Amino acid sequence: MTSVTGRALRDSVRIVTKFSEMEKNYSSLNSLSYDVLVDVAPEVKWNPGNGYKNLKIVVEIDNDIAAQQAAEEELRRRHKSLGSLKIVTDRGLQVGDIAIVDISATTIDEDESNVQNIPDAETKGFHFDTEDGDKVLPGFLDSISGIQRGETKSFRLAFPESWRQEHLRGVQAQFTVECRELFYRDLPKLDDSLAGKLLPGCTTIEQVKETLLQKCREVEQTAKDQATDNAILDQLYKMVEIDIPQSLFEEQGRQLYGAQLLQMQAGMKLNEQQLAALSSPKAVKEFLENQRENITNVIKQNLAVGDIFKRENLQFSTEDLVKEVENSIAELKQQKQEYDEDCVREQVQDILEGAKVLEWLREHAEIQYITR
């Protein structure tokens with residue numbers, strides 16, 4: 001094994017000589033010999049060579065006014081939370097109101113026998129906030145404007161081509177809406193006396209606005225940085241040619257599948273039987289086959305990042321490594337998960353290497369930002 005020291009992949013060593021052959025040779029020659037197979041870290045070939053040093057990246061980001069708009073919406077949301085709802089008695093629906101409505105919808109067809117209900121568009125007791133306007137469906141607010149408590153309105157609308165449910169995109173529908181309740185908001189005056197209630201620690205409305213805007217800008221910058229990193233990584237795996245060993249593919253695939261299971265467990269609270277079924281060899285094998293391209297790309301990204309880290313002699317501090325390992329182990333203990341400290345250290349090291357490489361690439365790449 002000395003010939004592959006530093007290159008052998010962990011847990012890839014395996015004896016390939018059959019036991020019967022070893023026994024036969026020992027019996028006849030009085031000596032024991034066997035063959036060992038081991039996967040070694042694959043060579044990273046750049047195409048073009050050193051192409052990572054001249055990256056040209058185009059990143060799509062949200063409009064520059066997104067942070068300002070988000071801050072205004074957040075202020076409005078907090079202001080509304082301080083108000084109370086009162087029943088509307090003498091008029092119909094107008095912007096600013098909240099209506100409790102029952103909604104039903106059918107397809108439109110000249111042949112009435114072909115008309116069908118649209119279950120995905122039906123709901124009872126729906127709280128429609130008119131300030132959300134056409135977020136429900138373009139034209140919906142205008143169609144029920146003026147509706148009064150106890151009144152029913154029927155109208156035609158088309159689902160837009162960008163609708164989240166593909167089977168409804170472009171579909172013409174006949175909607176029927178019954179207004180069960182109608183409320184208006186009784187809001188306190190937006191002045192400095194509300195500052196502390198809107199955002200603890202603030203004493204003026206102006207301070208509230210500035211703080212919310214700063215927070216929204218930080219979120220926007222984080223999203224911008226993440227989009228930039230994703231664009232860089234997306235280019236890296238396309239620039240390398242790597243012969244990926246099967247053991248490395250399976251290890252990476254199992255890590256991705258394990259992370260997916262943890263996410264499912266956190267969101268759905270799977271029982272032991274469901275978890276066992278999803279953890280079966282058959283389920284893992286299906287995941288590896290179905291996600292082969294994605295797993296391969298992740299491996300290429302990781303190996304490309306590791307290669308750049310070595311080529312450019314990048315470094316991170318031992319203090320950072322120790323701190324992050326301790327934090328990761330503490331989190332695993334809190335979640336009552338078993339762990340191997342060497343594996344945790346290796347994973348943390350990969351993360352720190354990745355952060356340093358992305359930082360270096362951002363400094364040296366030609367990045368163009370365009371708004372959506």
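Predicted, not measured: the structure shown is a model, and the values here were computed from it.

**A few points about the overall build of the chain**
Line of reasoning, step 1. Scanning the chain from N- to C-terminus turns up 11 helices and 11 strands.
Line of reasoning, step 2. In terms of C-alpha radius of gyration, the chain reaches 30 Å, well past the compact-globule figure of 21 Å for 372 residues.
Line of reasoning, step 3. Overall size of the chain, expressed as C-alpha extent along the three principal axes, is 105 × 60 × 45 Å.
Line of reasoning, step 4. Looking at the 372 residues of the chain, the share that counts as buried comes to 31%.
Line of reasoning, step 5. At a minimum sequence separation of 6, the contacts of the chain that also span at least 24 residues come to 70%.

**Quick word on the layout of surface pockets**
Rolled over the atoms, a probe as big as a water molecule pinpoints where empty space is left.
Line of reasoning, step 1. Volume-wise, the largest pocket comes out at about 2400 Å³.
Line of reasoning, step 2. What lines the largest pocket is a set of 49 residues, and nearest its centre among them are Gln-252, Gln-255, Glu-346, Gln-347 and Asp-350.
Line of reasoning, step 3. Those elements giving two or more residues to the lining of the largest pocket turn out to be α6 (246–268), α9 (292–311), α10 (318–334) and α11 (341–364).
Line of reasoning, step 4. Looking at the lining of the largest pocket residue by residue, the classes come out as 22 nonpolar, 15 polar and 12 charged.

**Overview of the packing of aromatic side chains**
Line of reasoning, step 1. In the structure shown here, the tally under the stated rule is 9 aromatic pairs.
Line of reasoning, step 2. Centre to centre, the rings of Tyr-52 and Trp-360 are 5.9 Å apart; their planes meet at 55 degrees, and the pair counts as tilted. Here the residue Tyr-52 occupies a position in the loop between β3 (45–46) and β4 (56–61), and Trp-360 occupies one in helix α11, the gap between them amounting to 308 residues.
Line of reasoning, step 3. Put simply, the rings of Phe-128, Phe-140, Phe-155, Phe-159, Trp-163 and Phe-175 pair up and form one aromatic cluster.

**Let's talk about the pattern of salt bridges**
Line of reasoning, step 1. Within this structure, the stated rule accounts for 17 salt bridges.
Line of reasoning, step 2. Two residues, Arg-77 and Glu-74, come together in a salt bridge whose shortest N-O distance is 2.6 Å. Here Glu-74 and Arg-77 lie together in helix α2 (residues 66–81), a separation of 3 residues that amounts to about one turn.
Line of reasoning, step 3. One salt bridge in this structure joins Asp-97 and Arg-91, with 2.7 Å as the shortest N-O distance.
Line of reasoning, step 4. Among the charged side chains, a salt-bridge network with shared partners connects Arg-76, Lys-80, Asp-129, Glu-131 and Arg-185.

**Examining unusual backbone geometry**
Line of reasoning, step 1. Following Asn-47, the chain continues to Pro-48 via a peptide bond in cis, the omega torsion being 5 degrees.
Line of reasoning, step 2. Positionally, Pro-48 belongs in the loop between β3 and β4.
Line of reasoning, step 3. Despite not being glycine, Asn-50 shows a phi value in the positive range, around 55 degrees.
Line of reasoning, step 4. Positionally, Asn-50 belongs in the loop between β3 and β4.
Line of reasoning, step 5. Overall, the relative accessible area of 33% leaves Asn-50 in the partly exposed class.
Line of reasoning, step 6. With phi around 50 degrees, Asn-313 is a residue other than glycine that occupies positive phi space.
Line of reasoning, step 7. By the secondary structure assignment, Asn-313 is in the loop between α9 and α10.

**Considering a nonpolar patch on the surface**
Line of reasoning, step 1. A cluster of nonpolar side chains, contributed by Met-1, Val-13, Ile-15, Tyr-26, Leu-32, Tyr-34 and Val-36, occupies part of the molecular surface with about 710 Å² of accessible area.
Line of reasoning, step 2. You can see Met-1 is positioned in the segment before β1 (14–15).

**Here we look at the side chain of Asp-129**
Line of reasoning, step 1. In this fold, Asp-129 is placed in strand β7 (residues 123–129).
Line of reasoning, step 2. Judged by its relative accessible area of 12%, Asp-129 falls in the buried class.
Line of reasoning, step 3. Only 3.2 Å separates the side chain of Asp-129 from the side chain of Lys-80, close enough to count as a polar contact.
Line of reasoning, step 4. Of the polar contacts made by the side chain of Asp-129, one reaches the side chain of Arg-185; its length is 2.6 Å.
Line of reasoning, step 5. Residues in contact with Asp-129, not counting those within four places in the same chain, are Lys-80, Asp-97, Ile-98 and Arg-185.

**A word on α2**
Line of reasoning, step 1. A rise of 1.5 Å per residue sets the reference length of α2, with its 16 residues, at 22 Å; its end C-alpha atoms lie 22 Å apart and thus fit the reference within 8%.
Line of reasoning, step 2. On its buried side, α2 packs onto β7, β9 (172–186), α4 (195–198) and α5 (205–236).

**Brief notes about α10**
Line of reasoning, step 1. With 17 residues, α10 should cover 24 Å at 1.5 Å per step; its first-to-last C-alpha distance of 24 Å lies within 8% of that length.
Line of reasoning, step 2. Turning to α10, its buried residues number three or more, namely Leu-321, Val-325, Ile-329 and Leu-332. The arc enclosing the buried residues of α10, seen along the axis, measures out at 60 degrees, which places them on a common side. Residues of α10 that are exposed and point over 90 degrees away from its buried face: Glu-319, Lys-323, Glu-326 and Gln-334.
Line of reasoning, step 3. Against the buried residues of α10 lie α11.
Line of reasoning, step 4. One or two positions beyond α10, positive phi appears at Lys-336, with a value near 55 degrees.

Rules used in this analysis
Along each chain, the written sequence defines residue order, and numbers are assigned to residues from 1. A pLDDT threshold of at least 70 governs which residues receive local features in this predicted model, and a stricter bar of 80 or more applies before side-chain atom pairs are shown or counted, although totals over entire chains, interfaces and linings include all residues. The basis for every side-chain value is the complete set of heavy atoms in the structure, and neither hydrogens nor water enter the calculation. Here a strand is any run of E in DSSP of at least two residues, a helix any run of H or I of at least four, and the numbering for each starts at the N terminus. Both definitions apply: the radius of gyration is a C-alpha atom measure, and the globule rule equals 2.2 Å times residues to the power 0.38. Using a 1.4 Å probe on the protein chains alone, a residue whose accessible area is under 20% of its type maximum counts as buried, one over 50% counts as exposed, and one in between counts as partly exposed. We call two residues contacting when some pair of their heavy atoms lies within 4.5 Å. Points on a 1 Å grid over protein atoms alone make up a cavity when a 1.4 Å probe fits among them but cannot get out, and a pocket when they form an open set with protein on both sides within 12 Å along at least five of seven lines; lining residues each have an atom within 4 Å of a point. Grid points are joined across faces, edges and corners, and a volume is the space filled by probe spheres set on the points. Charged means Asp, Glu, Lys or Arg here, nonpolar means Ala, Val, Leu, Ile, Met, Phe, Trp, Tyr, Cys or Pro, and polar covers whatever is left, Gly included. Note on aromatic pairs: the rings of Phe, Tyr and Trp (six-membered ring only in Trp) are paired at centre separations within 6.5 Å, and the planes decide the class, stacked below 30 degrees, edge-to-face beyond 60, tilted for the rest. Any Lys or Arg side-chain nitrogen located within 4 Å of an Asp or Glu carboxyl oxygen qualifies as a salt bridge. To count toward a patch, a residue needs a relative accessible area over 30% and no salt bridge; like charges are then connected within 9 Å, while nonpolar side chains (Val, Leu, Ile, Met, Phe, Trp, Tyr) are connected within 5 Å. For the accessible areas, the method is Shrake-Rupley and the probe is 1.4 Å, while residue cover comes only from the protein chains on display. Think of a polar contact as two N or O atoms within 3.5 Å of one another; within protein, one of them needs to be a possible hydrogen donor and the other a possible acceptor, and neighboring residues in sequence only count if both atoms come from side chains. By this rule the span expected of a helix is its residue count minus one, scaled by 1.5 Å. The reported arc concerns the directions from the helix axis to the C-beta atoms and nothing else.

Read these as spatial facts, not as claims about activity.
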